[in-house]
Amino acid sequence: MTCWRSVKVGAITEMYMGHFMVMNQATYQHYFGQPYRTNAQLLKLAAGAKVNPVARQLMATGAVAGVNENRSNQQMINNLLNSMDRVMVILIGLATVLAAVVIYNLTNINVEERSRELATLKVLGYDEGEATLYIYRETIILSVVGIFVGFLLGRWLHGFIITNLPPVDAMFDPQMRGTNFLLSAAIPLVITALVAVVMQKKIQKISMLAALQARE
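Since the structure is predicted, the reported quantities are computational estimates derived from the model, not experimental observations. (Residues numbered from 1 in each chain as written. Predicted model: local features only at pLDDT ≥ 70, side-chain atom pairs only at ≥ 80, totals over all residues. Heavy atoms only, no water.)

Colleague: Looking at this model, I keep getting lost on the overall build of the protein chain. Mind explaining?
Modeller: Along the backbone of the protein chain there are seven helices and zero strands. Reading the protein chain from its N terminus to its C terminus gives the helix and strand order α-α-α-α-α-α-α. Counting over 216 residues, the protein chain shows a buried share of 17%. Expressed as a percentage of contacts within the protein chain between residues at least 6 apart in sequence, the contacts between residues at least 24 apart total 70%. (Helix = DSSP H or I, 4+ residues; strand = E, 2+ residues; numbered from the N terminus. Buried < 20%, exposed > 50% of the residue type's maximum accessible area, 1.4 Å probe, protein only. Contact = heavy atoms within 4.5 Å.)

Colleague: Just to check I follow, could you spell out the environment of Met 84 for this structure?
Modeller: Residue placement: Met 84 occurs in helix 3 (residues 70-113). Along the primary structure Met 84 and Leu 165 are separated by 81 residues, whereas in three dimensions their C-alpha atoms are 9.8 Å apart. Not counting residues up to four positions away in its chain, the partners in contact with Met 84 are Ile 161, Leu 165 and Phe 172.

Colleague: I keep staring at the confidence of the model for the protein chain and nothing clicks. Help me out?
Modeller: When pLDDT drops low, the exact placement of atoms in the prediction is not to be read closely. For the protein chain, the average pLDDT comes to 79, and 90% of its residues sit at 70 or higher. Here helix 7 (residues 208-213) is the element of the protein chain with the lowest mean pLDDT, 56, and helix 1 (residues 25-32) is the one with the highest, 86. (pLDDT = per-residue confidence, 0-100.)

Colleague: Help me understand the nonpolar core in this model?
Modeller: What tends to happen in soluble globular proteins is that the nonpolar side chains get buried as a cluster. If you look at the biggest cluster of nonpolar residues, it comprises 11 residues: Ile 103, Val 111, Leu 118, Ala 131, Ile 135, Tyr 136, Ile 191, Val 195, Ala 196, Met 199 and Ile 203. Every element with two or more residues in this core is listed here: helix 3, helix 5 (128-164) and helix 6 (178-204). For this core, the element with the most residues is helix 6, which contributes five residues. (Core = buried A, V, L, I, M, F, W, Y, C linked by side-chain atoms within 4.5 Å.)

Colleague: Mind showing me how you'd approach the side chain of Thr 139 here?
Modeller: Tracing the chain through its elements places Thr 139 in helix 5. You can call Thr 139 buried: its relative accessible area is 13%. In contact with Thr 139, not counting residues within four places along its chain, are Ile 103, Thr 107 and Thr 192.

Colleague: Would you mind going over helix 3 with me for this structure?
Modeller: Note: α-helices contain 3.6 residues per turn, so residues at a spacing of three or four share the same orientation. The first and last C-alpha atoms of helix 3 sit 64 Å apart over 44 residues, in line with the 64 Å expected at 1.5 Å per residue. Inspection of helix 3 places Ile 77, Met 84, Ile 103, Thr 107, Asn 108, Asn 110 and Val 111 among the buried residues, and these make up the whole buried set. (Expected span 1.5 Å × (residues − 1).)

Right, dumping it as structure tokens:
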């Protein structure tokens, strides 16, 4: 028989598995007008014990109305998280490849279009590092700006996924740690540095005479 009561909620806490309402014995007796009686037992099995045989034995006694296995709920959440981890690894890998291709192509086009300027800098006595920084300064600035914009968009996207992806009886940890931001910033910075090394070697091969004689 279902018994409905209006109960005042004193506080809300995070539950990562299931939805429960918790009250003490005095609160129960106040709202339901009857003494509190235990109708469930928490069983902790020994290490290595199988849950299903024990659950079947309990149900066979006829004194148990139902068995709720926390281990199965945990396994469901773990499977979902493992699937998400694999998807995230693939997405991060694809994003890394895309960033490398975009940064390299933009920098390569910039070097090709400004070869005369680079040759002029060499004639004026600029060393290879200064010539590379002359071209690469824009790429560094754009990379830093892109990182901070990515922080803002990534924070919003993370909250959207964490809120909407979990099943109705579970939730994910919404907190973001500093390592998340460090890793997401380190990937484009490392790519930018590696491309800079490649471009510096290409700038070293620019012929000052041929570049200055080339027509615009």
